[in-house]
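Structural description and commentary
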Amino acid sequence: MSEILAELLFPHIKTLPADMEARYPARDLPEGAKVTRFAPSPTGFVHFGGLFPSTVGERLAHQSGGVFYLRIEDTDAKREVEGAAEGLIRTLATYGIHFDEGAILDGEGKISYQGAYGPYRQSERAEIYQTYAKQLVREGKAYPCFTTEEELDELSQVNKKEELKNTDWQAEAEARRAEMLARRNFTIEEVEEHLKAGHPFVIRILADGDEDKKVKFTDLIKGNMEIPENDEDFVLLKSDGIPTYHFAHAVDDHLMHTTHVIRGEEWLPSLAKHLQLFRYLGFRTPKYMHIAQIMRLDEAGNKKKLSKRDMGANMDDYTRMGYCPEAVCEYVMTLLNSNYEEWHMQNPDKPYTDFPFNIKKMSTSGCLFDFDKLNDVSKNIISRMDAKSVTEKVTAWALAFEPDFGKALAADPAFAESIFAIGRGGAKPRKDLATWADAKGYMGFFYDEYFTVEDAYPEKFARDDIRSILEKFTETFDMADDSNTWFAKIKDIAADAGFAADMKLYKQNPEQYKGSVADVSMFLRVAVTGKMNSPDMYSVMQILGRDRVLARVGAMINSL
RNA sequence: GGCCCGGUGGUCAAGCGGCUAAGACACCGCCCUUUCACGGCGGUAACACGGGUUCGAUUCCCGUCCGGGUCACCA
């Protein structure tokens, strides 16, 4: 009967599983090489959570001399977003994630496919899935189901989106189970009738599991666990002949010879289904790695899965905020491998790709996204860059997200570079920038159009004192002075005005002075930079040049 | 609600039967210093709870509690 049924349902499928096996021979790879994949559905942007499994897959494959490929899981036409796949690939590439095989972007930014295990787009693999589905029907492990979605919905008395009460859940489960068992009882004649009438159908698995029995399973990250066997006749092939995730996963990862399936832990609950499928199909199960989810804090202070609406979920957010990809990658590494930071401290100059990624060092519990930590990682990375690349990167970012400022930077790259060179390059470089967006606040005052006096002088200083100090400065200022001479003059000015020139002496007897040379410097700083805090004043003045320094100081004098 | 996963400072985390329970970020203080940044030194702060097992539990087992995930012709 099963043979007849299989022909009835899939008259157009002439291929057999053996044909497929022949089409996808084992990969010729060295011992220990891992084959991993990233398998997103093209429904939108790359999620921060998606960067985790893809980074792990990429590292594991490339570290072992294996293959990392991209498979597009476009089995749900309803949710597909135009151009999402291209965007996905492009975004991943900016984070250093490149694929050896599968969907790849050509020079024009269009998708092309590479590799001998394709098609890499699931919507183009219908014949393959149907070949296996037919085989399962033939073997009595799957069957057609003509119950429509609408009928199924009626069975559910409650809306899934809503919070369900205890009894509702039970009623729901019982109703579904009863219906499922009833669906199994069909005759060939009934099937023929439905088919003749053109009724759509899905192919369901004939589950042989017992919910009360447990399957032992070892996850490479989570360790040993026991899960109940699957007893649910879940859908294999949807009514359009396209598989569900579960079925596509089993067939594709088998044929494409994936060795390690890396995915988020939200897949753990459906693992029993997959195990059952691999057994039914006679496939060897791959190794599984279920990665803990990234969380965020909600208003009530509870951890929540980072969802697409959240700040920092969309990878494009980081570009917008001005984070450099290296920082994000490194931050991800610190979360992924607990010994990464230690390694990095010992090897500060090596790229993270040199780090020996270790599955055993992966966390089993979900972590909270921490911008403080990201900023710290980022500051360190930027502080180690040379002035030229910082200038280029800040300019590129600003041109895209703050065009006016970007144009100002781009107008004179050498000038901008000299600014970013302040305090850079030594053993203890300044760490002022966590993002490119921080640049404007840090050094915008170098540009007249972004120069504003933000801080006022404290009340305790007499305006007359400040004015005469600034006037003296104007008289003695000489661009040719070296740093020491320049500061010696400031000290003299301070002393003449009744301010302590020596900080030690001032601290011993502060009441003997109107203030200190620190205050005098501050008068100048506010006049020249508009702020109480700034990088080294001598460097600032050297870069600003005589005219602008004197103009700003002059303007300040006039305003007092 | 069933099932699954998890629970060491505010965050990320070492630990894998015996430790004054590492380290990083954040925070606070001090030092350096003309401000800031950097750097140095120091500090506050943790094994969810209750039972076992054991000479001895953060570590092993059970229960409770808490948090998360999941229960589709979505992935």
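Note that the structure is a prediction, hence the values are computed from the model and not measured.

1. Topic: the overall build of chain A
A count of helices and strands for chain A gives 24 helices and 16 strands. Taken over C-alpha atoms, the radius of gyration comes to 33 Å for chain A, far larger than the 24 Å a tight globule of 560 residues would show. Based on the C-alpha atoms only, the size of chain A along its principal axes is roughly 110 × 55 × 40 Å. Of the contacts made within chain A by residues no fewer than 6 positions apart, 73% connect residues no fewer than 24 positions apart. Accessible surface, chain A: about 27600 Å² in total, of which carbon and sulfur atoms supply 50%. When the 70 positive and 91 negative side-chain charges of chain A are each reduced to one mean point, those points stand 3 Å apart.

2. Structural notes on the pairing of strand β4 (residues 111-114)
Two elements, strand β3 (residues 101-105) and β4, share four bridges in a ladder whose sense is antiparallel. Paired with I104 across the bridge in β4 is S112. Remark: five residues form the turn of the hairpin made by β3 and β4, two consecutive strands paired antiparallel; G109 in that turn has positive phi of roughly 85°.

3. Things to note about the protein's contact with RNA strand B
Taken together, 63 residues lie around RNA strand B, and T75, K222, K238, K373 and R430 are the ones closest in. Take K238: an N or O atom from its side chain is 2.5 Å from a phosphate oxygen of RNA strand B. Taking K361, its side chain carries an N or O atom lying 3.5 Å from a phosphate oxygen of RNA strand B. Taken together, the residues that form the surface near RNA strand B break down as 21 nonpolar, 14 polar and 28 charged.

4. Regarding the packing of helix α1 (residues 2-9) against helix α5 (residues 126-138)
One way to put it is that α1 packs onto α5 with a least axis distance of 7 Å and a crossing angle of 150°. When the axes of α1 and α5 are compared, the pair comes out roughly antiparallel. In this structure, α1 crosses over α5, and the sense of that crossing is right-handed. Contacts from S2, E3, L5, A6, E7 and L9 of α1 reach α5 at K134, V137 and R138. Of the residues belonging to the contact of α1 with α5, the class tally is four nonpolar, one polar and four charged.

5. Description of the packing of helix α15 (residues 387-401) against helix α17 (residues 413-420)
Close contact between α15 and α17 brings their axes to 8 Å; oriented N to C, the two are set at 120°. Between α15 and α17, the angle is such that the two are oblique. You can see that α15 and α17 cross each other, and the crossing is right-handed. Contacts from A387, K388, V390, T391 and V394 in α15 reach P413, A416, E417 and F420 in α17. Classifying every residue of the contact of α15 with α17 by side-chain character gives six nonpolar, one polar and two charged.

6. Quick notes on the pattern of salt bridges
Close approach of charged atoms allows side chains with opposite charge to pair. Counted by the stated rule, this structure contains 31 salt bridges. Salt-bridge contacts for D233 lead to R184; the nearest nitrogen and oxygen are separated by 2.7 Å. Of this pair, D233 sits in the loop between β8 (223-228) and β9 (235-237) while R184 sits in helix α7 (residues 166-184); the two residues are 49 residues apart in sequence, bridging distant segments of the chain. Owing to a relative accessible area of 23%, R184 belongs among the partly exposed residues under this scheme.

7. Section: the confidence of the model for chain A
With 97% of its residues at a pLDDT of at least 70, chain A reaches an overall mean of 92. In the model output, the complex is listed with pTM 0.93 alongside ipTM 0.95.

8. As for a negative patch on the surface
On the surface, a cluster of negative charge is made up of E149, E150, E151, D153 and E154. Note on E154: relative accessible area 66%, which makes it exposed.

Cut-offs used in this document
Residues numbered from 1 in each chain as written. Chains lettered and ligands numbered in written order. Predicted model: local features only at pLDDT ≥ 70, side-chain atom pairs only at ≥ 80, totals over all residues. Heavy atoms only, no water. Helix = DSSP H or I, 4+ residues; strand = E, 2+ residues; numbered from the N terminus. Rg over C-alpha atoms; globule rule 2.2 N^0.38 Å. Contact = heavy atoms within 4.5 Å. Areas by Shrake-Rupley, 256 points an atom, 1.4 Å probe, with all protein chains shown as cover. Lys, Arg positive; Asp, Glu negative; His and termini not counted. Charge placed at Lys NZ, Arg CZ, Asp CG, Glu CD. Pairing = 2+ DSSP bridges. Near = heavy atom within 4 Å. Polar contact = N/O pair within 3.5 Å; in protein donor to acceptor, adjacent residues only side chain to side chain. Nonpolar A, V, L, I, M, F, W, Y, C, P; charged D, E, K, R; others polar. Axes fitted to C-alpha atoms, helices over the stretch in contact; angles between N-to-C directions. Parallel < 35°, antiparallel > 145°, perpendicular 65-115°, else oblique. Left-handed = near helix turned anticlockwise from the far one by under 90°. Salt bridge = Lys/Arg side-chain N within 4 Å of Asp/Glu carboxyl O. Buried < 20%, exposed > 50% of the residue type's maximum accessible area, 1.4 Å probe, protein only. pLDDT = per-residue confidence, 0-100. Patch = residues over 30% accessible without salt bridge, like charges linked within 9 Å, V, L, I, M, F, W, Y side chains within 5 Å.

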